[in-house]
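Below, each chain spelled out in residue letters.
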Protein chains: 2
Amino acid sequence: MTGPRGYHHGDLRRALLAAAVRVIEESGPAALSLRDLARRAGVSHAAPAHHFGDKSGLLTALAAEGFELLAEALHDAGGDLLDRGVAYVDFAIGHRAHFEVMFRPDLYRADAEELAAARERAGDALRAGVAALPEGRPTAEDPQGDALAAWSIVHGFATLWLSGALPARVGDDPRAAARAVAQRLFPKP
Amino acid sequence: MTGPRGYHHGDLRRALLAAAVRVIEESGPAALSLRDLARRAGVSHAAPAHHFGDKSGLLTALAAEGFELLAEALHDAGGDLLDRGVAYVDFAIGHRAHFEVMFRPDLYRADAEELAAARERAGDALRAGVAALPEGRPTAEDPQGDALAAWSIVHGFATLWLSGALPARVGDDPRAAARAVAQRLFPKP
DNA sequence: GTGTCATCTTGTCAATGCAAAGATATGCTG
DNA sequence: CAGCATATCTTTGCATTGACAAGATGACAC
């Protein structure tokens, strides 16, 4: 994995984050163990401490990486609000490990500076979609309310999907189901 | 607390669940420790095992209790969909410990029977609100889609609020903010 | 070559989850 | 009331974990 390039390990920091993603995807954040990550990376049990300080440091880095990936995904989705909403759900399911950590501030240090910038970018990308809405709609005088409602509906759908709480009849295509749900909030003219 | 009534402790099971709620409200589910709960209840560190088997057993009981409380809260909210939506958010914030565990199936045994009944009741209470919608609306032919959208928007708002991800300008009154958000999905005529 | 630094290892400790075995109170049966 | 079964709780022990301290190792500048 990642090859022993450059140093003792090569790129231990990245390897540990990647291993953490795998573990969380398989068993959730509660099953995460620094010593297990170290074993998977083939280093000693204390090696992670040098890169992340402690467990919450590693999860802080993971959350920051997640916000950056989310900002990028939203940006790439284009200007249409519905497409951005679907991209939000798509990100949550495609990067479920990042997503689950990002919105669990008890797991990391929410006041870390490395988070602030990435969080800001993601927030901007979220709000930008609302600005592109048609002008004549009934709630045009409150774009912040629009943004909050849009964020709520896609975030809620994504969380429910990830937690397995949705009934089977919703199907197995989260993108299609998410689009159908989000369309109810801002119907196409 | 709960008094030494009847037995060694009196009602250890309830005392442990109550202590778990306090700990989770203060520090999140990750900070939960069976030994700490035992200390708070004034019993030995192995006493909880008798009532719950292991940690996930305790969280399973907490989740089941949460679904029952949610079903009750939704039922008490009456027939109006908007009121039920606000009640959902109100439950999530008023019982944040239960709520946070309920939708984190990696923490408990999702296949436990004690959960199924309570979950079913809560699901019924959720769907029942949609049936009370006015007939003439555009999506009347797909009540399941309506239910999913309604659930998504209130669940999303509640989780965002609890995770502290919402900007300060949303204010400090979750009920009012939730009503404003939910109203965008099903506008009053 | 030598010093300096980031990186990683080894050793250690308290806290935790869990299991096994024992102790104690409660309630039932006769 | 005596005897006994059962539920409840305690004691003891062990493997795992997170965190810390001190030392070893490789890369790089000069």
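Details of the structure are given in the entry above.
What counts, and at which threshold
- Residues numbered from 1 in each chain as written.
- Chains lettered and ligands numbered in written order.
- Predicted model: local features only at pLDDT ≥ 70, side-chain atom pairs only at ≥ 80, totals over all residues.
- Contact = placed C-beta atoms within 7 Å.
- Helix = DSSP H or I, 4+ residues; strand = E, 2+ residues; numbered from the N terminus.
- Least-squares fit on C-alpha atoms with pLDDT ≥ 70 in both.
- Expected span 1.5 Å × (residues − 1).
- Buried ≥ 20, exposed ≤ 12 C-beta atoms within 10 Å, placed from the backbone.
- Axes fitted to C-alpha atoms, helices over the stretch in contact; angles between N-to-C directions.
- Parallel < 35°, antiparallel > 145°, perpendicular 65-115°, else oblique.
- Left-handed = near helix turned anticlockwise from the far one by under 90°.
- Nonpolar A, V, L, I, M, F, W, Y, C, P; charged D, E, K, R; others polar.

Engineer: Please set out the interface of chain A and chain B residue by residue, giving values where relevant.
Structural biologist: The interface is formed by 31 residues belonging to chain A together with 31 residues belonging to chain B. Sorting the residues of the side of chain A that touches chain B by element identifies α8 (143–163) and α9 (174–185) of chain A as the ones contributing at least two each. In terms of residues, the side of chain A that touches chain B owes the most to one element, α8(A), which gives 14 residues.

Engineer: Before we move on, could you go through the relation of the copies chain A and chain B and cite the residues and values that matter?
Structural biologist: For the pair chain A and chain B, the relating rotation is 180°, the translation along its axis is 0.0 Å, and the fit reaches an RMSD of 0.0 Å. On this basis, the relationship between the two copies can be described by a two-fold rotation axis. Interface overlap between copies is the fraction of interface residues in one copy that are interface residues in the other; for chain A against chain B it reaches 100%, indicating a shared surface.

Engineer: Please give an account of helix α5 (residues 81–94) of chain A that cites residues and values.
Structural biologist: Residues and elements named next belong to chain A. Over its 14 residues, α5 extends 20 Å from the first C-alpha to the last, a length consistent with the 20 Å expected when each residue adds 1.5 Å. Inspection of α5 places L81, R84, G85, V86, A87, Y88, V89, F91 and A92 among the buried residues, and these make up the whole buried set. Its buried side turned inward, α5 meets α4 (55–76), α6 (96–102), α7 (113–131), α8 and α9.

Engineer: So what's going on with the packing of α5(A) against α9(A)? Which residues, and what values?
Structural biologist: Residues and elements named next belong to chain A. The N-to-C vectors of α5 and α9 enclose an angle of 140°; their axes lie 9 Å apart at closest approach. If you check the angle between α5 and α9, you find them oblique. For α5 against α9, the interelement crossing comes out right-handed. Contacts from L82, G85, V86, V89, D90 and I93 of α5 reach α9 at P174, R175, A178, R179, A182 and Q183. A breakdown of the residues in the contact of α5 with α9 according to their chemical character gives 7 nonpolar, 2 polar and 3 charged.

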